[in-house]
Amino acid sequence: MKTRDTIVAIATPPGAGGLGIVRISGTEARTVAGAILRFRHDHEWKPWRLAHAHLVDEDGSVVDEVLVAFFAAPRSYTAEDVVEISCHGSPVVLRHCVARALRAGARAAEPGEFTLRAFLNGRIDLPQAEAVRDLIHSTTLYQARVAAQQLEGSVSRAVRPVKDRLVGLITLLEAGIDFADDDVPVAPAEEIDARLADILAGLDRLLASYGWGRFVHDGLTLAIVGRPNVGKSSLFNALLGADRAIVTDIPGTTRDTVSESFSLEGVPVRLVDTAGIRESDDLVERLGIERTERAMADADLTLVVLDAAEPFTDADREILDRTSRQGWRAVVANKCDLPRRLEPGIEEIAVSARTGAGIEELKRLLIRRIAPDGIAAPQSGLITSARHEALLREAREAAEKARAANAAGLPHELLLLDCYAALQPLDALTGATTADDILNRIFSTFCIGK
Ligand code: GDP
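Okay, so let's go over this structure. As the structure is a prediction and not an experimental result, all values here were calculated from the model.

Some thoughts on the overall build of the protein chain
When helices and strands are counted, the protein chain shows 14 helices and 14 strands. Burial analysis of the protein chain (450 residues in total) assigns 47% to the buried set. Put simply, of all contacts in the protein chain between residues at least 6 apart along the chain, 68% involve residues at least 24 apart.

Focus on the site of the ligand
If you check the shell around the ligand, you find 16 residues, and the closest are Asn229, Lys232, Ser233, Ser234 and Asp337. Within the backbone of valine 230, a nitrogen or oxygen atom sits 3.4 Å from an oxygen atom of the ligand. Alanine 353 is positioned with one of its backbone polar atoms (N or O) 2.9 Å from an oxygen atom of the ligand. Against a free-state accessible area of 580 Å², the protein chains account for coverage of 79% of the ligand. Broken down by element, the residue count for the shell around the ligand peaks at 3 residues, all from helix H8 (residues 232-240). Here the shell around the ligand is built from residues that sort into 4 nonpolar, 6 polar and 6 charged.

A look at the side chain of aspartate 316
Looking at where aspartate 316 falls in the secondary structure, it is placed in helix H10 (residues 314-324). Only 2.9 Å separates the side chain of aspartate 316 from the side chain of arginine 227, close enough to count as a polar contact. In this structure aspartate 316 touches Arg227, Leu306 and Pro311, once residues within four positions along its chain are discounted.

Here we look at the nonpolar core
In terms of nonpolar packing, the biggest core is built from 33 residues, with Trp212, Leu222, Leu235, Phe262, Leu303, Val332 and Leu362 touching the most fellow members. The residues touching leucine 303, leaving out its near neighbours within four places in the chain, are Leu222, Ala223, Ile224, Val225, Leu235, Ala330, Val332, Leu362 and Leu366. Counting 32 residues, the second largest nonpolar core, distinct from the first, contains Val155, Val159, Leu166 and Leu423.

Details of the pairing of strand E2 (residues 17-25)
Examined bridge by bridge, strand E1 (residues 7-10) and E2 share 4 bridges and lie antiparallel to one another. The partner of isoleucine 7 across the bridge, within E2, is serine 25. The hairpin formed by E1 and E2 contains 6 residues between the paired strands, and glycine 15 there has a positive phi angle of roughly 100°. The pairing of E2 with strand E6 (residues 82-89) spans 8 bridges and is antiparallel. Within E6, the residue paired with serine 25 across the bridge is valine 82.

Looking at the pattern of salt bridges
Evaluation of the coordinates by the stated rule reveals 27 salt bridges. With a shortest N-O distance of 3.2 Å, arginine 40 and aspartate 42 are connected by a salt bridge. Residue arginine 40 is classed as exposed on the basis of its relative accessible area, which comes to 57%. Measuring nitrogen to oxygen at the nearest pair gives 3.0 Å for the salt bridge that ties glutamate 191 to arginine 195. Of this pair, glutamate 191 and arginine 195 both sit in helix H7 (residues 189-218), separated by 4 residues, roughly a single helical turn. Residues joined by salt bridges that share partners form a network here, namely Asp5, Glu80, Arg107, Glu113 and Arg117.

Focus on unusual backbone geometry
Outside of glycine, negative phi angles account for most residues, and trans bonds account for most peptide bonds. With an omega dihedral of 0°, the bond running from alanine 73 to proline 74 counts as a cis peptide bond. Here proline 74 shows up in the loop between strand E5 (62-71) and E6. Positioned with a positive phi, alanine 79 is a non-glycine residue whose angle comes to about 75°. A positive phi angle, near 70°, is found at lysine 335, a position not held by glycine. A relative accessible area of 22% means that lysine 335 is categorised as partly exposed.

A short note on the environment of arginine 341
Relative to the helices and strands, arginine 341 resides in the loop between strand E13 (329-334) and strand E14 (349-350). Owing to a relative accessible area of 54%, arginine 341 belongs among the exposed residues under this scheme. Measuring from C-alpha to C-alpha, the distance between arginine 341 and glutamate 310 comes to 4.9 Å, with 31 residues separating the pair along the chain. Apart from the residues within four sequence positions on either side, arginine 341 is in contact with Ala308, Ala309, Glu310 and Pro311.

Description of the environment of arginine 107
When you line up the elements, arginine 107 lands in strand E7 (residues 107-108). Residue arginine 107 is classed as partly exposed on the basis of its relative accessible area, which comes to 22%. Separated by 82 residues in sequence, arginine 107 and serine 25 have C-alpha atoms that sit 9.9 Å apart. At a separation of 2.4 Å, a polar atom in the side chain of arginine 107 contacts the side chain of aspartate 5.

Things to note about the packing of aromatic side chains
When we look at a pair of aromatic rings, we describe it by the centre distance and by the angle of the planes. Within the structure shown, the criterion is met by 7 aromatic pairs. Arranged with centres 5.2 Å apart and planes meeting at 25°, the rings of phenylalanine 443 and phenylalanine 446 form a pair that is stacked. Phenylalanine 446 carries the same exposure label as phenylalanine 443, and that label is buried. Put simply, the rings of Phe39, Trp45 and Phe70 touch in pairs and so form one group of aromatic residues. A cation over an aromatic ring shows up here: arginine 23 above the ring of tyrosine 77, its NZ or CZ 4.7 Å from the ring centre.

With respect to H8
Looking only at H8, the buried set comprises Lys232, Leu235, Phe236, Leu239 and Leu240. In an axial view of H8, the angular spread of the buried residues amounts to 145°, which keeps them on one side of the axis. Among the residues trailing H8, glycine 241 stands out with phi positive, at a value near 30°.

Some words on the packing of helix H4 (residues 126-136) against helix H5 (residues 141-151)
Orientation of H4 relative to H5, taken along the N-to-C sense of each, is 155°, at an axis distance of 8 Å. Of the possible angle classes, the one that applies to H4 and H5 is roughly antiparallel. Regarding H4 and H5, the two cross each other, and that crossing is left-handed. For the pair formed by H4 and H5, the contact residues are Pro127, Gln128, Ala131, Val132, Asp134 and Leu135 on the first element and Ala144, Ala147, Ala148, Gln150 and Leu151 on the second. Residues of the contact of H4 with H5, tallied by class, amount to 8 nonpolar, 2 polar and 1 charged.

Thresholds, definitions, all that
Residues numbered from 1 in each chain as written. Predicted model: local features only at pLDDT ≥ 70, side-chain atom pairs only at ≥ 80, totals over all residues. Heavy atoms only, no water. Helix = DSSP H or I, 4+ residues; strand = E, 2+ residues; numbered from the N terminus. Buried < 20%, exposed > 50% of the residue type's maximum accessible area, 1.4 Å probe, protein only. Contact = heavy atoms within 4.5 Å. Near = heavy atom within 4 Å. Polar contact = N/O pair within 3.5 Å; in protein donor to acceptor, adjacent residues only side chain to side chain. Areas by Shrake-Rupley, 256 points an atom, 1.4 Å probe, with all protein chains shown as cover. Nonpolar A, V, L, I, M, F, W, Y, C, P; charged D, E, K, R; others polar. Core = buried A, V, L, I, M, F, W, Y, C linked by side-chain atoms within 4.5 Å. Pairing = 2+ DSSP bridges. Salt bridge = Lys/Arg side-chain N within 4 Å of Asp/Glu carboxyl O. Phe/Tyr/Trp six-rings, centres within 6.5 Å; stacked < 30°, edge-to-face > 60°. Lys NZ or Arg CZ within 6 Å of the ring centre and 35° of its normal. Arc of directions from axis to C-beta. Axes fitted to C-alpha atoms, helices over the stretch in contact; angles between N-to-C directions. Parallel < 35°, antiparallel > 145°, perpendicular 65-115°, else oblique. Left-handed = near helix turned anticlockwise from the far one by under 90°.

Note that every value here comes from positions in space, so none of it alone points to a role or purpose.
As structure tokens, then:
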């Protein structure tokens, strides 16, 4: 990873807009900008001030009128000298501006390279860098709030007490070994056990927050199953209502894959795609079960829909049986606005996609299914990343091993190995120790210019 050269990229999304920003970072940022811009004759580079300038061609002809912001190292996004040129938002002008910067000695930035530099220069830790990406890709305000808290360092703050306790234990064990000949008392097994239990409890709390946190990050997929014509699509539309979330699934691409989803307390909910099968009812009946199974396999939560205006059928029974094995299931009777012919006591709640009756209650039911302990406040330092969860799990396993080693009365040298094995993933989580390939994997999911 080369970090000494000066990099350039368009920081705003593709397409025409009111403004478009070209960002330059590195020791030569001012030199590069100076080569492509014409300032007033008395211009000086003053940090954190806007300057007026013209973007000019090699022959001096004006291409755009721009505003230029200079952020002096280390108080900038990357902790290096940064120049941001606000052009008018024409893709042609922006590309031309970048091309000119390249000719003036800058290099095109890789995806996420500005944020990578902020990390490598020690301005932010790894969870904060990841939060930048999550904030940009948030599709609900709740997701944005959680990411903003993580940008402020909430993840590392939540992990730190556990890490401190682990380091404390390591120090204690090391001292016992180092000074064994000097009659320094070795820590008693009970104390070590209590300390490890405390560490494990801390790790468990963090891991438990991922139960809700993973939905906050990844969103939730909902399978709506039921016989044809019970009102599955109508129900989805009723849930969509006003709480439509804007979803662009793939980082780095904007507007490519926009799917409809609604926000359940800030968690974007996508419908598992079971569309496209609209053959005759006969065939649908036959395909119904197979389709239900397929949809359920891809879903976090299954909503079984019955028709309140019709008696219970064998097909309903079959679908209920198949879905009963799935933990996260909710059963509703739709069309409660019509005279009831469904036998009582089968559904959890009755709703009407047509009148909207029961829809809010249905949402509360869905939330209870996925978050039995309630919804975490954005500032509670919850774990939302699969990478963080995997590392916490690794730390937990090692701490568990250390506890067993202690119980078995093994020498403290061996116990220490397990403690260090528990510390290592916590360091990797915050980025205190991280291999280049991991960094590449994380930052390649960013968009260019960030
Ligand atoms: P799907 O095949 O399960 O997706 O069912 P649809 O959503 O296409 O609905 C089937 C029919 O039932 C349509 O004619 C809807 O207008 C009607 N429908 C859906 N929900 C309700 C409801 O709550 N009340 C009434 N009266 N009709 C409904």
